[in-house]
Amino acid sequence: MKSDLEIQKNVMDEIGWEPSLNPSEIGVAVKNGIVTLSGQVDSFFKKQTAERAAKRVKGVKAIAEDIQIGVSPSYQRSDADIATAVVNALKWHAAVQEDKIKIKVENGIVKLEGEVEWEYQRKNAKTAIENLNGVTAVNNLINVKPKLIASNIEHKISEAFHRNASIDANKIVVNVEDNKVTLTGTVRSFTEKDDAENAAWAAPGVLHVDSKLRIDAPEYAFYE
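Visitor: Can you explain the overall build of the protein chain? Please cite residues and give values.
Guide: On a plain count of helices and strands, the protein chain comes out with 6 helices and 10 strands. For the C-alpha atoms alone, the extent of the protein chain along its principal axes is close to 65 × 50 × 20 Å. Within the protein chain, counting contacts between residues at least 6 apart in sequence, those at least 24 apart form 65% of the total. Approximately 12,900 Å² of the protein chain is accessible, and the part contributed by carbon and sulfur atoms is 49%. When the 29 basic and 33 acidic side-chain charges of the protein chain are each reduced to a single mean position, those positions are 2 Å apart.

Listed below in structure tokens is the structure:
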């Protein structure tokens, strides 16, 4: 099992591996496998990138993010300019139903509302705009309302878990009730947790995913 110092070094190295990030701007502290990110960056995209980098590191059990966004003059945009850029970004994204999404921008914070049929469309709406200049945060309030009412959702999700090379399907329990999926059990990393949640959301007819998965890093015994 990795020590906090090892996890801290690995997280710092992973952040340094990201071309868009300046490691000197981001602080990393670790206690009992819980990583706290601090510092200041000039865009929401960099904040998200730092979080994703930390999630990729083995041994990380949770992330507390305290990174602040201080937009430099070269990145500053008016709310009207940001709104126009958001509309255009959504319009040009093939996986987004932009006609079903309402946009509001206030002090660089973008609020998305509306309804889509699939979770991937909801996620892609946020992904399409999070790297735009001037955006300091994205509140994704888009609801997922599928047209399809699928049967055997639990079985379909379990099959997807078994197909996925990064998921140990034997350690995850899937329960479905009224189009709500609850996941319980243990995973080995944030990556496996995200993959399991994404696989559950990909099942047709799913309205909500309640993930209670725990990250349980394996402990190794060493013998002389």
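Visitor: Give me the packing of aromatic side chains: which residues, what numbers.
Guide: As enumerated under the stated definition, the model contains 1 aromatic pair in all. Between the aromatic rings of Trp-118 and Tyr-120, the centroid separation amounts to 6.5 Å while the plane-to-plane angle is 40 degrees, which identifies the pairing as tilted. Classification of Trp-118 as partly exposed rests on a relative accessible area of 26%. You can call Tyr-120 partly exposed: its relative accessible area is 44%.

Visitor: Before we move on, could you go through unusual backbone geometry and cite the residues and values that matter?
Guide: With a phi close to 55 degrees, Asn-32 is a non-glycine residue in the positive phi region. Note on placement: Asn-32 falls in the loop between β1 (26-31) and β2 (34-41). Classification of Asn-32 by relative accessible area gives exposed; the value is 57%.

Visitor: Residues and numbers for the sheet that holds β2, please.
Guide: Taken in spatial order, the 3 strands of this open sheet run β1-β2-β3, and their pairing is mixed. The two strands at the open ends of the sheet, each matched to only one other strand, are β1 and β3 (62-69). On average, adjacent strands in this sheet sit at an angle of 10 degrees to one another, irrespective of strand direction. Here 6 bridges tie β1 to β2, and the two strands are oriented antiparallel to one another. Within β2, the residue paired with Val-28 across the bridge is Leu-37.

Visitor: Can you tell me about the sheet that holds strand β9 (residues 180-187), naming the residues and giving the values?
Guide: Across the sheet, 3 strands lie side by side as β8-β9-β10; this open sheet has mixed pairing. Each end of this open sheet is capped by a strand with a single partner; those strands are β8 (172-177) and β10 (208-215). The sheet shows a mean angle of 10 degrees between the axes of neighbouring strands, taken without regard to direction. Pairing of β8 with β9 involves 6 bridges; the strand directions are antiparallel. Each bridged residue has a counterpart across the sheet, and for Val-174 the counterpart in β9 is Leu-183. Where helix α5 (residues 153-163) meets the sheet, it contacts β8 and β9, and its direction lies at approximately 155 degrees from that of β8.

The rules behind each value
- Residue numbers run consecutively from 1 along every chain, following the written order of its sequence.
- Totals for whole chains, interfaces and linings use all residues, but because this is a predicted model, local features are given only for residues with pLDDT of at least 70 and pairs of side-chain atoms are given and counted only at 80 or more.
- Hydrogens are left out, water is left out, and the side-chain values use all remaining heavy atoms of the structure.
- Secondary structure elements follow DSSP: runs of H or I of four or more residues count as helices, runs of E of two or more count as strands, with numbering from the N terminus.
- It only takes one pair of heavy atoms within 4.5 Å for two residues to be counted as in contact.
- Here the Shrake-Rupley method, with its probe set to 1.4 Å, supplies the accessible areas, and only the displayed protein chains count as covering residues.
- Counting rule applied: Lys, Arg positive; Asp, Glu negative; His and chain ends not counted.
- Charged side chains are reduced to one point each, which is NZ for Lys, CZ for Arg, CG for Asp and CD for Glu.
- By convention, a stacked pair of Phe, Tyr or Trp rings (six-membered ring in the case of Trp) has centres within 6.5 Å and planes under 30 degrees apart, an edge-to-face pair has planes over 60 apart, and any other such pair is tilted.
- Burial classes: relative accessible area under 20% of the type maximum marks a residue as buried, over 50% as exposed, and values in between as partly exposed (1.4 Å probe, protein chains only).
- For two strands to be treated as a pair, DSSP must find at least two bridges joining them.
- Lines fitted to C-alpha atoms define the axes here, with helix axes fitted over just the stretch in contact, and angles between the N-to-C directions of these axes take values from 0 to 180 degrees.

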